[in-house]
Amino acid sequence: MSEAAITLEGWYCLHDFRTMDWAAWKTLSGDQREYAINEFLTFLEKWENVEANKVGSHALYSIMGQKADFMMMLLRPTMEELNEIENAFNKTAFAQYTVKEYSYVSVVELSTYNPQNESGEMDPMIKARLFPELPKWKHVCFYPMDKRRDGDDNWYMLPMEERKKMMYSHGMIGRGYAGKVKQIITGSVGLDDWEWGVTLFSNDMLQFKKLVYEMRFDEVSARYGEFGSFYVGNILTKEAVPAYLQV
Ligand code: VOV
């Protein structure tokens with residue numbers, strides 16, 4: 001049997017993708033729309049307080065194309081908190097005018113094939129990566145992925161040493177994008193339909209294309225990567241929400 005890699009887990013994560021039901025939204029009176037918008041803004045304010053107190057983080061992005069209109073990404077210490085937020089949001093008047101398109105449940109994960117800190121204790125850098133404040137960068141790119149388990153190409157049957165080498169090469173490519181792309185890897189084995197959620201942030205949309213393309217040639221992605229649907233979008237700040245919802 002090959003040896004499982006040790007993983008470190010941080011905050012739980014919910015990616016919630018919604019489409020606006022614009023036709024229904026347009027039937028509301030101006031006052032009703034204002035009420036619903038304020039309800040949503042109150043949620044965002046609450047989330048900002050949580051983030052300021054460093055007990056969670058969130059990101060709101062407007063999504064391109066027909067897969068969804070916006071994505072809320074939430075990080076919290078427990079699954080119960082995420083569930084509470086989800087339920088509370090679904091009960092708002094605003095949520096009545098959204099359609100649930102897709103969601104993803106996972107937990108922030110660090111694999112330790114090539115530990116950067118040999119001492120094994122939780123240094124501040126590791127803590128910051130397990131409990132991250134999500135960047136407020138201009139663009140987001142989310143997709144779920146698996147490592148292949150198919151005949152001779154079975155990641156889970158490879159000896160630890162081989163996986164370690166491949167993950168080192170992966171990390172080196174990623175490091176070439178330092179400052180340009182920030183990645184949050186969330187693990188979802190046993191939690192959702194794919195094994196990982198990949199969430200990338202950048203101020204330059206093209207960097208997603210360049211990074212993902214470069215990684216396609218790297219063995220761990222070329223041979224073992226299987227990918228779900230890609231969702232890309234632009235940051236939607238709290239201040240921009242009223243204009244976004246203007247009809
Ligand atoms: C900014 C880009 C960037 C950087 C710096 C980066 C670095 C790193 C490091 C250092 C490590 C840990 C390796 C180890 O030695 O432990 C990882 C781990 C991981 N990654 Fe990554 N990754 C990036 C980016 C990045 C991308 C774009 C993808 C998607 C792959 C693609 O082809 O589309 C990805 C996936 C993953 C996954 C699924 C894991 C966990 C794999 C497992 O089996 O556990 N990742 N990643």
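Treat the numbers as computed from the prediction; the structure is a model and nothing was measured.

Chemist: Which parts of the structure should I look at to understand the coordination of the iron atom of the ligand?
Modeler: For the iron atom of the ligand, the protein contributes exactly one donor atom, His170 (NE2), at 2.1 Å. In this fold, His170 is placed in helix H5 (residues 160-175).

Chemist: Help me understand the nonpolar core in this model?
Modeler: Within soluble globular proteins, side chains that are nonpolar generally end up buried alongside one another. In this structure, Trp25, Phe40, Leu60, Phe94, Val241 and Leu245 are the most contacted members of the largest nonpolar core, which totals 24 residues. Broken down by secondary-structure element, the contributors of at least two residues to this core are strand S1 (7-20), helix H2 (30-52), strand S3 (70-76) and helix H3 (79-90). Counting residues per element, this core draws most heavily on H2, which supplies seven residues. Not counting residues within four places of it along the chain, the set of residues in contact with Phe94 comprises Met20, Trp25, Ala36, Glu39, Phe40, Phe70, Phe89 and Leu245. Trp11, Phe17, Ile63 and Leu75 belong to the second largest nonpolar core, which has 18 residues in total.

Chemist: So what exactly am I meant to see when it comes to the confidence of the model for the protein here?
Modeler: Atomic detail in the predicted coordinates should be set aside for any region of low pLDDT. Per-residue pLDDT for the protein averages 96, and the proportion of residues at 70 or more is 98%. Model confidence for the complex: the whole-complex pTM is 0.97, and ipTM, which rates the interface, is 0.98.

Chemist: For this particular structure, what's the right way to read the pattern of salt bridges?
Modeler: Pairing of side chains with opposite charge becomes possible as their charged atoms draw close. Under the defined criterion, the tally for this structure stands at eight salt bridges. A salt bridge links Glu45 to Lys238; the shortest N-O distance between them is 3.9 Å. In this pair, Glu45 sits in helix H2 while Lys238 sits in the loop between strand S11 (231-235) and helix H8 (241-244), placing the two residues 193 residues apart along the sequence. Looking at Glu45, the relative accessible area reads 42%, which means it is partly exposed. Among the salt bridges present, the one from Glu48 reaches Lys238, with a minimum N-O distance of 3.1 Å. Here Glu48, found in helix H2, pairs with Lys238, found in the loop between S11 and H8; they are 190 residues apart in sequence, far enough to count as distant. On the basis of relative accessible area, Glu48 is assigned to the partly exposed category, the value being 33%. Three or more residues joined by partner-sharing salt bridges are found here, namely Glu45, Glu48 and Lys238.

Chemist: Got a minute to help me understand the site of the ligand in this structure?
Modeler: As a structural note, the neighbourhood of the ligand is formed by 23 residues, with Asn114, Tyr143, Lys147, His170 and Ser221 the closest of them. One of the side-chain N or O atoms of Tyr143 is found 2.6 Å from an oxygen atom in the ligand. Between the ligand and His170 there is a distance of 2.9 Å, counted from a nitrogen atom to a side-chain nitrogen or oxygen. For the shell around the ligand, the secondary-structure elements that each account for two or more residues are strand S5 (139-147), H5, strand S8 (181-187), strand S9 (196-202) and helix H6 (206-216). Here the residues of the shell around the ligand are counted per class, giving 13 nonpolar, eight polar and two charged.

Cut-offs used in this document
Residues numbered from 1 in each chain as written. Predicted model: local features only at pLDDT ≥ 70, side-chain atom pairs only at ≥ 80, totals over all residues. Heavy atoms only, no water. Donors = N, O, S within 2.8 Å, 3.2 Å for Na, K, Ca; no water. Helix = DSSP H or I, 4+ residues; strand = E, 2+ residues; numbered from the N terminus. Core = buried A, V, L, I, M, F, W, Y, C linked by side-chain atoms within 4.5 Å. Buried < 20%, exposed > 50% of the residue type's maximum accessible area, 1.4 Å probe, protein only. Contact = heavy atoms within 4.5 Å. pLDDT = per-residue confidence, 0-100. Salt bridge = Lys/Arg side-chain N within 4 Å of Asp/Glu carboxyl O. Near = heavy atom within 4 Å. Polar contact = N/O pair within 3.5 Å; in protein donor to acceptor, adjacent residues only side chain to side chain. Nonpolar A, V, L, I, M, F, W, Y, C, P; charged D, E, K, R; others polar.

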